[in-house]
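# Observations on the model geometry
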Amino acid sequence: MNEMKTKNLSFVILGGTGDLAKKKLIPSLFKLYRSDELGQFDVIGTSRKALSDSEYIRRVGTNINDQEGWDDFRRNIHFAKLNFYDSGDYRGLKEEMLGCSDNRLFYLATLPQHFDVITDNLAKHELVNERSKVLYEKPFGDDLSSAQELNDSIGDLFPENKIYRIDHYLDKELVGNLSIIRFSNSIVEPLLSSDFVDHVQIIASEDFGVEERGEFYDNYGAVKDFFQSHLLQLLSLVGMDSPDQLDARCIRDEKVKVLRNVKIQNTRLGQYRGYKEETGVAGDSETETLVAVEAEINNSRWDDVPFYLISGKNLVKKYAQIYIQFDQSGHETMVGEDGTVPNTFVTSIQPDRGIYFTINTKVPGRIETEPAKMEFCHACHHGPNTPSAYENLLVQAISGDQRSFVRYDEIEEQWKIVDGMDTPDPFIYEPGKVPGEISDFISGSDWHGLED
Ligand SMILES: NC(=O)c1ccc[n+]([C@@H]2O[C@H](COP(=O)([O-])OP(=O)(O)OC[C@H]3O[C@@H](n4cnc5c(N)ncnc54)[C@H](OP(=O)(O)O)[C@@H]3O)[C@@H](O)[C@H]2O)c1
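One structure accompanies this document, and this report is about it. Positions within a chain are numbered from 1, following the residues in the order the chain's sequence is written. Totals for whole chains, interfaces and linings use every residue, but because this is a predicted model, local features are given only for residues with pLDDT of at least 70 and side-chain atom pairs only at 80 or more, for both listing and counting. Only heavy atoms go into the side-chain values, all of them from the structure, while hydrogens and water stay out.

Another aspect to go through is the sheet that holds strand β15 (residues 405-406). Strands qualify as paired when DSSP identifies two bridges or more between them. Numbered from the N terminus, helices here are DSSP runs of H or I no shorter than four residues, and strands are runs of E no shorter than two. Pairing within the open sheet is mixed, and its seven strands lie in the order β3-β2-β1-β4-β5-β6-β15. Strands with a single pairing partner mark the edges of an open sheet, and in this sheet they are β3 (77-81) and β15. The pairing of strand β1 (residues 9-14) with strand β4 (residues 104-108) spans five bridges and is classified as parallel. Paired with Val12 across the strands is Phe106, a residue of β4.

It is worth spelling out the sheet that holds strand β8 (residues 262-272) at this point. In space, the nine strands of this open sheet follow the order β14-β13-β12-β11-β7-β10-β9-β8-β16, with mixed pairing throughout. Two strands in the sheet have a free side with no partner beyond their single neighbour: β14 (369-377) and β16 (427-429). Going across the sheet, the axis of each strand differs from the next one's by a mean of 20 degrees, ignoring polarity. Here strand β7 (residues 197-205) runs beside strand β10 (residues 307-312); their pairing, made up of six bridges, is parallel. Bridge pairing in β10 links Ala204 to Ser311. Residue contacts are counted whenever heavy atoms from the two residues lie within 4.5 Å of one another. Here an axis means a line fitted to C-alpha atoms, over the contact stretch when the element is a helix, while the angle between two N-to-C directions is reported on a 0 to 180 degree scale. Packing of helix α8 (residues 214-239) onto the sheet brings it into contact with β7, β8, β9 (290-297), β10, β11 (319-326) and β12 (344-350), and relative to β10 it is tilted by some 145 degrees.

Within this scheme, the nonpolar core is defined by two criteria: the residues are buried Ala, Val, Leu, Ile, Met, Phe, Trp, Tyr or Cys, and they are joined through side-chain atoms within 4.5 Å. Between buried and exposed lies partly exposed: a residue is buried under 20% and exposed over 50% of the maximum accessible area for its type, with that area taken using a 1.4 Å probe on protein chains only. Ranked by internal contacts, the top residues of the largest apolar core, which has 97 residues, are Phe106, Leu122, Phe227 and Trp447. In terms of residue count, α8 provides more of this core than any other element does, 13 residues in total. The residue makeup of this core includes at least three contributed by each of domain 1 (4-137) and domain 2 (170-386 + 406-438). Apart from the residues within four sequence positions on either side, Phe106 is in contact with Val12, Leu14, Met97, Leu122, Leu127, Val128, Ser132, Lys133, Val134 and Leu135. Core analysis: the next-biggest nonpolar cluster, separate from the first, contains 33 residues, Ile26, Phe41, Leu393 and Leu394 among them. Boundary definitions for the domains trace back to an automatic or database domain assignment.

One can describe the packing of helix α1 (residues 19-34) onto helix α11 (residues 389-398) by two numbers: an axis separation of 9 Å at closest approach and a directional angle of 65 degrees. The handedness of the crossing between α1 and α11 comes out as right-handed. Here Leu20, Lys24, Leu25, Ser28, Leu29, Lys31 and Leu32 of α1 lie close against α11, whose contacting residues are Tyr390, Glu391, Leu394 and Val395. Residue polarity is assigned by list, with Asp, Glu, Lys and Arg as charged and Ala, Val, Leu, Ile, Met, Phe, Trp, Tyr, Cys and Pro as nonpolar; anything else, Gly included, falls into the polar class. By residue class, the composition of the contact of α1 with α11 is seven nonpolar, one polar and three charged. Helix crossings fall into two classes, left-handed where the near helix is turned counterclockwise from the far one by less than a right angle and right-handed where it is turned clockwise.

Turning our eyes to something else, we now look at the site of the ligand. Distances are taken per atom, and a residue is near a molecule or strand as soon as one of its heavy atoms is within 4 Å of it. Within the structure, the ligand sits among 22 residues, and Thr17, Asp19, Leu20, Arg48 and Lys49 are positioned closest to it. Take Arg48: an N or O atom from its side chain is 2.8 Å from an oxygen atom of the ligand. For the purposes of these results, a polar contact is taken to be a pair of N or O atoms within 3.5 Å, where, inside protein, one atom must be able to donate a hydrogen and its partner to accept one; residues adjacent in sequence count only when each atom of the pair is a side-chain atom. One of the side-chain N or O atoms of Arg213 is found 3.4 Å from an oxygen atom in the ligand. Each accessible area is a Shrake-Rupley estimate made with a 1.4 Å probe; only the visible protein chains count as cover when residues are assessed. Against a free-state accessible area of 880 Å², the protein chains account for coverage of 81% of the ligand. In the shell around the ligand, the residues fall into eight nonpolar, eight polar and six charged.

Note: most peptide bonds trans; most residues except glycine with negative phi. Cis geometry marks the peptide bond from Lys138 to Pro139; its omega dihedral reads 0 degrees. Inspection of the secondary structure assignment puts Pro139 in the loop between β5 (133-136) and α6 (144-157). Put simply, Gln350 and Pro351 share a cis peptide bond, and its omega is -5 degrees. Here Pro351 shows up in the loop between β12 and β13 (354-362). Of note, the phi angle at Glu126 is positive, near 50 degrees, even though the residue is not glycine.

Turning to α6, a few remarks are in order. By definition here, a helix of n residues has an expected span of 1.5 Å times n minus one. In this model, α6 (14 residues) spans 20 Å end to end at C-alpha, consistent with the 20 Å of a helix rising 1.5 Å per residue. The set of residues buried in α6 consists of Leu144, Ser146, Ala147, Leu150, Asn151 and Ile154. Down the axis of α6, the smallest arc covering the buried residues is 165 degrees, so these residues share one side. Exposed and oriented more than 90 degrees from the buried face of α6 are Glu149 and Asp156. In this fold, the buried residues of α6 make contact with α5 (115-124), β5, β6 (163-166) and α12 (408-419). Comment: arc refers to directions from the helix axis out to C-beta atoms.

Any functional reading would require information beyond the geometric quantities listed.
Rendered as structure tokens:
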């Protein structure tokens, strides 16, 4: 039997009228409902606006394309007016929740400056009980000291096992698969070290700008928005040693060891032309929309292996990938012959999802080599409709699995890295092109796939 279905659920979205609630949370809950994974549930969305349940449902239903089952699902959606700063509104929420399950998930779908006051009020009004969990969206803080303060104040009220810091990249199918591939295959794991790896690239590029999120983005930028969270989490997953067990404590213990040893060697920042004219962006903004970093992990496994990380908006295409290139030395018999390429191990996270190795193979009829891909295609194997990151995240939070959530010390190490980075003035780059300023960033190699 599905473990989740045995539990009734109250799901409270604080920030229930926001973009995230409309685009991700309600559609993901609806998909879980349609795949019969939710059991009995109530969804309560909040905002400062005075909305009726039906007005609220209309707003959050705009991204539901296939409506089959929606009429039944939406009967479980309610609205509660709540200003984060008005203590009386939490009393109203508590009343709204009378009769709902005490298995409660509070999802803080809002900015970190509100986290403290919301947490305080949830505790003060005894909304969080033994069975509750509190989920915090990213970014968690905006530098080390604010993240530490948040950790301290939240930690004074709730134990760590109730606190779920979100990084939805960790819930993407192929990111989860990376650890499985690493720790269940003896032909992979022993090769991931400075003995065999030439360099690693971690790429998350987008082919669009800030869209409607200009005001938010201008306060954060690529370093605090993407690098601090997704890229450093991916780096820790590639760099970590095998955990004693695949449980939340052991996995997070290993990841944090990596983060403690990250040293940034080189940083370049860019801003796409036209960014300053975007809605919500300051006309003289110096905020970066692209960050490229060379980092090292100072431990015996990864000594001297460069990790190149990049994230940018308005580049050529939207994709995310971890590219590991192996050293060609040590097996020289045919290396250097025409057609030989370095071996690679690539995890493609989006939009194509899969894992492949590049190897050198024989050209038919000749003693020559040509590269071939050994590929695991996720969609070919599992079909196109495997769960989205937000569905996975919700399932894990509901079942109390913290493996794909970020622990307090990881987040602090991530901010420590960011606080210690150089912040050169951003160069201006043309939307839709790979900037020349980063084309020579990787010594002896190109950014894999960035220009295709
Ligand atoms: N949008 C995405 O795709 C996305 C993706 C990943 C992560 N995130 C993260 O998710 C969080 C939410 O993002 P978003 O894009 O949904 O933001 P948003 O569209 O600006 O929504 C913010 C929500 O917070 C509510 N709110 C703001 N101030 C409030 C106050 N004083 N009292 C009560 N409610 C208040 C707003 O409600 P009213 O204005 O109606 O009161 C709205 O429901 C952010 O931390 C963001 O970084 C978003």
